[in-house]
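# Examining the three-dimensional arrangement
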Amino acid sequence: MSQVFILGDFSGEKATKTTTELATAAARIGEVIGIVFAPVGLGASMAATINSGPISKLIVVESNDFAAHGVAALADALSQLVSTQSPVAVLIASHALGKEIAGRVAVETLSGIITDAVDISSDLTATQLVFGGSTTVHSKISHGISIITIRPNSFEADNSPCAPEIENVALVISEKSKKATITSSEPPIKGGRPELTEANIVVSGGRGTDGNFSAVEAFADSLGAAVGASRAATDAGWYPHSHQVGQTGKTVSPQLYVACGISGAIQHRAGMQTSKTIVVVNKDPEAPIFDISDFGVVGDLFAVLPAATEGVLARKS
Ligand SMILES: Cc1cc2nc3c(=O)[nH]c(=O)nc-3n(C[C@H](O)[C@H](O)[C@H](O)COP(=O)(O)OP(=O)(O)OC[C@H]3O[C@@H](n4cnc5c(N)ncnc54)[C@H](O)[C@@H]3O)c2cc1C
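As the structure is a prediction and not an experimental result, all values here were calculated from the model.

Pairing in this open sheet of seven strands is parallel, and the strands run S5-S9-S4-S1-S2-S3-S10 from one edge to the other. Since the sheet does not close on itself, it has two edges, and those belong to strand S5 (113–117) and strand S10 (165–168), each with one partner. Averaged over all pairs of adjacent strands, the angle between strand axes in this sheet comes to 25°, irrespective of strand direction. Looking at chain direction, S5 and strand S9 (residues 146–150) are connected through three bridges and run parallel.

What follows is the structure in structure tokens.
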């Protein structure tokens, strides 16, 4: 059976939702092999946390060069594994780090690359949505190994338990991948909310908030949602740029996207148009965002959101 490598977010705590989604996608193609890159001494404990999804084997590589040299070392290690074990495909989470690793591996292994796929079939045909989601593209890699990055939330994760076989592989990171060294780094400060690109529900605010995100945040918290923002809101300094949704921000594809006080410029749509259900709160009935909404409320977000929050909390209690 053909082997498919997946490189998701194997963190020290557990395989995240994204990783399980990748495994679910990869299982359509062949036997799923998870790749775990760990600091020396932590491979076994990291691998032990991966216990769900259709993963049959984990290849664990330990090296302190991953922390010291970042993406170059990770891509080097993955390229070596791909070259020696020749999987039919490598599926990688489609976030900034994943895409950079994918690009480097594709160059190193002389393989084709497809980024931001939202679906994949058993014959390795990938589906992408381009031009702000208005055009669907089906494509297939014709040279080398198929290196494909998959957008989070594109697959319903198969969370069935697994107990993958572990294979420890020793690799030496090449000198050319050690030319830049990370001297210090600080993890992002995480609040209690889910990560924007992985969240099932995203509530976003725009210029209509007038800089006051309290109603947006309260509604998001009632739903256990992540908070997003339009560029108008981030450029004004009302919300961090890391929360910007759109062409020059993050691409999200949640089950539910709630756009509050956002007009629906094409650049914003590009980052959220593939959301499964879109709900709009806007006081202007002519706002273009209503064109892509499944449900819409014409009204002042400062009246609508507190009432909606109250309604959600009342149903929960
Ligand atoms: C190269 C480029 C890249 C870009 N990248 C991005 C990007 O990544 N993401 C992005 O979002 N934008 C991006 N933009 C900007 C984009 O073109 C729009 O300017 C921006 O999305 C507008 O943000 P907005 O909808 O919040 O503001 P506006 O367009 O000003 O809309 C505000 C909306 O709020 C409504 N409103 C006002 N008050 C209330 C209220 N009290 N209650 C309810 N509704 C209210 C109004 O009716 C209006 O529809 C980019 C632009 C360019 C040129």
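On to the nonpolar core, then. If you look at the biggest cluster of nonpolar residues, it comprises 55 residues, and the most contacted ones within it are Ile 6, Ile 35, Leu 78, Val 90 and Leu 91. Take this core: its biggest share by element is nine residues, from helix H3 (residues 65–85). Discounting chain neighbours no more than four positions away, the residues touching Ile 35 are Phe 5, Ile 6, Leu 7, Ile 59, Leu 78 and Leu 81. Counting residues in each nonpolar core, the second largest holds 32 residues, with Ala 233, Cys 260, Val 280 and Leu 301 among its members.

With that settled, the discussion passes to unusual backbone geometry. Positive phi values are uncommon outside glycine, yet Leu 110 reaches one of about 55°. Relative to the helices and strands, Leu 110 is located in the loop between helix H4 (96–108) and S5. Looking at Leu 110, the number of C-beta atoms within 10 Å reads 10, which means it is exposed. Of note in this structure, Asp 210 is not a glycine but carries a positive phi near 55°. Structurally, the position occupied by Asp 210 is in the loop between strand S11 (201–205) and helix H5 (214–223). When the 14 C-beta atoms within 10 Å are taken as the criterion, Asp 210 is described as partly exposed.

The next subject is the site of the ligand. Surrounding the ligand, one finds 28 residues, the nearest of these being Gly 206, Gly 208, Arg 231, Gly 246 and Ser 263. Contributing elements (two or more residues each) for the shell around the ligand: helix H6 (231–235), helix H7 (266–269), strand S14 (277–282) and helix H8 (301–316). With three residues, the single largest contributor to the shell around the ligand is H6. Looking at side-chain class alone, the shell around the ligand contains nine nonpolar, 14 polar and five charged residues.

What counts, and where the lines are drawn
- As a convention, each chain's residues are numbered from 1 in the sequence order in which they are written.
- Only residues with pLDDT of at least 70 get local features here, since the model is predicted, and only at 80 or more are side-chain atom pairs given and counted; chain-wide, interface and lining totals rely on the full set of residues.
- When DSSP finds two or more bridges between two strands, those strands count as paired.
- Secondary structure counts use DSSP, requiring at least four H or I residues in a row for a helix and at least two E residues in a row for a strand, with both numbered from the N terminus.
- The convention used is that axes are lines fitted to C-alpha atoms, helices contributing only their stretch in contact, and that angles between N-to-C directions extend from 0 to 180 degrees.
- In these notes, a nonpolar core means any group of buried Ala, Val, Leu, Ile, Met, Phe, Trp, Tyr and Cys residues linked to one another through C-beta atoms within 7 Å.
- Counts of 20 or more other C-beta atoms within 10 Å of a residue's own C-beta define buried residues, counts of 12 or fewer define exposed ones, and intermediate counts define partly exposed ones; C-beta atoms are placed from the backbone.
- Contact definition: two residues whose C-beta atoms, as placed from backbone geometry, lie within 7 Å.
- For each residue, a C-beta atom is placed from the backbone, and the residue counts as near a molecule or strand when that atom lies within 6 Å of it.
- Note on residue classes: Ala, Val, Leu, Ile, Met, Phe, Trp, Tyr, Cys and Pro are nonpolar, Asp, Glu, Lys and Arg are charged, and everything else, Gly too, is polar.

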